[in-house]
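Each chain, written out:
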Amino acid sequence: MRRPPSSRCSDRRGGFSFVSSHFPIEKHTVTVDTFGTFAVFAVESEPEAPAPEFLDMAGHWAEEAVRQAVAKGIITGYPDGTFRPDHPITRAEFTVMLVRALQLEGTGAPLTFTDRDQIGSWAAEAIGLAVEAGIVRGYEDGSFRPDEPITRAEMAVMIANALKLPIAEDASTGFADDAAIPRWARGAVKALRDLGIAGGRGNNAFVPNDTATRAEAIVMLLRMLEVREPADDRAHR
C-alpha cells in the first residue's frame, strides 16, 4: 500500500526533516514557513498481516464468521492454532469476546462476586467492564461462575443488555419451545429474534438451556455488530 507522499525539506547539514503538508486526491500541496530546497518522497507502508487461519476451521459452517471475528480483534484462538468452534464457550470467554466486540475501554467496576478469586486475570478486566456497562449481573447467590458453559438463554440476555434493547416482560418468542425459555430471558430472546440476531437450532427450537458453542457465539456477536453499527451511525449524524 502506498501512503500519500511525505514531504521533506533539506536543512543546512544536508539532511531532511518533515514539514506539514496537505494531501487532496487530485494534487499534493506542501505548506512551509521558510525558504529552502524541498523534495517529495513516497513512503511504502508495511502490508497488513493476513488473519491467521485456524487449523480446525476449514469447511466449517462458521469459517467465514470466525475469519471476520479475527479481523475485528474479537478472538485470537488457542496457542495450538485451533479455534475449537464446536466446543462449549464459558461465561468468562463469552464476556471477553463481547467486550472486545463492543470495544469497551477502561478498568471496569470492582469485582464483588463471591467467586471473584476464580476469575482469571485474562478475563477480570473485561468482566468488570461488562458489569459497569450493565451487561452482566451474576447469579442470585452473588457468584459469576466464570468457568461454567454459558447457556443460549444467558447469551441472549447479555447481548440484549449490551444493545440496551427494550424488553417485553410477557413476550412470546415464536420458537416452538417458547415455554421452555426462562421467563427472565424470554423478552431478550424475542428482541434478538426480531432483529435477526438469534435463531434456532432446528425444528424452530431455540433450546435455551443448551450450552452455546464458540461458533454460535461468534455468529451472534457479528450479527449484533451489524445491528449496532447502523444505530451508531445515525447517532453521530
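Residues numbered from 1 in each chain as written. Predicted model: local features only at pLDDT ≥ 70, side-chain atom pairs only at ≥ 80, totals over all residues. Heavy atoms only, no water.

### Some thoughts on the overall build of the chain
Applied cut-off: Here a helix means four or more residues in a row that DSSP labels H or I, a strand means two or more in a row labelled E, and each is numbered from the N terminus. Note on classification: 1.4 Å probe, protein chains only; a residue is buried when its accessible area is under 20% of the maximum for its type, exposed when over 50%, partly exposed between these limits. Working rule for contacts: check all heavy atoms of both residues, and any pair within 4.5 Å makes them a contact.
From N to C terminus, the chain includes 6 helices and 5 strands. Secondary structure elements in the chain, listed N-terminal to C-terminal, are β-β-β-β-β-α-α-α-α-α-α. The buried share among the 237 residues of the chain stands at 39%. Long-range pairs, those at least 24 residues apart, make up 67% of the contacts in the chain with a sequence separation of at least 6.

### Some details on the side chain of Arg186
The following threshold applies: Two N or O atoms count as a polar contact when they lie within 3.5 Å, although within protein this holds only if one can serve as hydrogen donor and the other as acceptor, and sequence-adjacent residues are included solely when both atoms are side-chain atoms.
With respect to the secondary-structure elements, Arg186 resides in helix 5 (residues 183-194). In this structure the side chain of Arg186 is engaged in a polar contact, spanning 2.8 Å, whose partner is the backbone oxygen of Ile181. Setting aside residues no more than four positions away along its own chain, Arg186 makes contact with Ala171, Thr173, Asp178, Ala179 and Ile181.

### Examining unusual backbone geometry
In this structure, Arg84 is a non-glycine residue whose phi angle is positive, near 60°. Here Arg84 shows up in the loop between helix 1 (63-71) and helix 2 (91-102). A positive phi angle, close to 55°, is found at Lys164, a residue other than glycine. Mapped onto the elements of the fold, Lys164 is located in the loop between helix 4 (152-163) and helix 5.

### Digging into the packing of aromatic side chains
Let me state the cut-off plainly: Ring pairs shown here join Phe, Tyr and Trp side chains whose ring centres sit within 6.5 Å, with only the six-membered ring taken for Trp; geometry is labelled stacked below 30 degrees between planes, edge-to-face above 60, and tilted in between. By definition here, charges over rings are those cases where NZ of Lys or CZ of Arg is within 6 Å of the ring centre and within 35 degrees of the ring normal.
Going through the model one piece at a time under the given rule, you end up with 3 aromatic pairs. Judged by centre distance (5.1 Å) and plane angle (40°), the rings of Phe113 and Phe144 are tilted. With Phe113 in the loop between helix 2 and helix 3 (121-132) and Phe144 in the loop between helix 3 and helix 4, the pair connects residues that are 31 residues apart, well separated along the chain. With respect to burial, Phe113 and Phe144 carry one shared label: buried. Its guanidinium or amino end placed over the ring of Tyr78, Arg84 lies 3.7 Å from that ring's centre, counting from NZ or CZ.

### Side note on helix 2
Where we set the bar: Multiplying one less than the number of residues by 1.5 Å gives the expected span of a helix.
The end-to-end C-alpha distance of helix 2 is 16 Å, a good match for the 16 Å that 12 residues give at a rise of 1.5 Å each. The buried fraction of helix 2 amounts to 11 of the 12 residues, a majority that puts the element mostly inside the structure. Buried within helix 2 are the following residues: Arg91, Ala92, Glu93, Phe94, Thr95, Val96, Met97, Leu98, Val99, Ala101 and Leu102. Of the residues trailing helix 2, Gln103 is marked for its positive phi of about 60°.

### Some thoughts on the side chain of Thr82
By the secondary structure assignment, Thr82 is in the loop between helix 1 and helix 2. Polar side-chain contacts of Thr82 include one of 3.2 Å to the side chain of Arg84.

### Considerations on the environment of Leu225
Along the chain, the position of Leu225 falls in helix 6 (residues 214-235). As for Leu225 and Leu163, which are separated by 62 residues in sequence, their C-alpha atoms are 9.4 Å apart.

### Comments concerning the packing of helix 2 against helix 4
Here is the rule we go by: Here an angle of 0 to 180 degrees is reported between the N-to-C directions of two axes, which are lines fitted to C-alpha atoms, with helices fitted over the stretch in contact. Each angle gets one of four labels, with under 35 degrees taken as roughly parallel, over 145 as roughly antiparallel, 65 to 115 as roughly perpendicular, and the rest as oblique. Crossings are assigned a handedness: left-handed for a near helix turned anticlockwise from the far helix by less than a right angle, right-handed for a clockwise turn.
One can describe the packing of helix 2 onto helix 4 by two numbers: an axis separation of 11 Å at closest approach and a directional angle of 25°. In terms of orientation, helix 2 and helix 4 fall into the roughly parallel class. The hand of the helix 2/helix 4 crossing is right-handed. Residue-level inspection shows Arg91, Phe94, Thr95, Leu98 and Leu102 of helix 2 in contact with helix 4, the latter providing Glu154, Met155, Met158, Ile159 and Ala162.

### Some words on the confidence of the model for the chain
We count it as follows: Within a predicted model, pLDDT stands for the predictor's per-residue confidence, ranging from 0 to 100.
Residues with a pLDDT of 70 or more make up 75% of the chain, whose mean pLDDT is 85. Summarising per-element confidence for the chain, the mean pLDDT is lowest in strand 1 (residues 6-10) (47) and highest in helix 2 (98). pLDDT under 50 marks residues 1-13. Its contacts with residues more than four places away, or in other chains, come to 42 contacts.

### Quick word on the nonpolar core
Selection rule: Take the buried Ala, Val, Leu, Ile, Met, Phe, Trp, Tyr and Cys residues and link them wherever side-chain atoms come within 4.5 Å; each set so joined is a nonpolar core.
In this structure, Ile74, Ile75, Phe94, Ile159, Ile218 and Met224 are the most contacted members of the largest nonpolar core, which totals 59 residues. Among the elements of the structure, helix 1, helix 2, helix 3, helix 4, helix 5 and helix 6 are those that each provide at least two residues to this core. With residues up to four places along the chain from it excluded, the contact list for Ile75 reads Phe54, Val66, Ala69, Val70, Phe83, Met97, Arg100 and Ile218.

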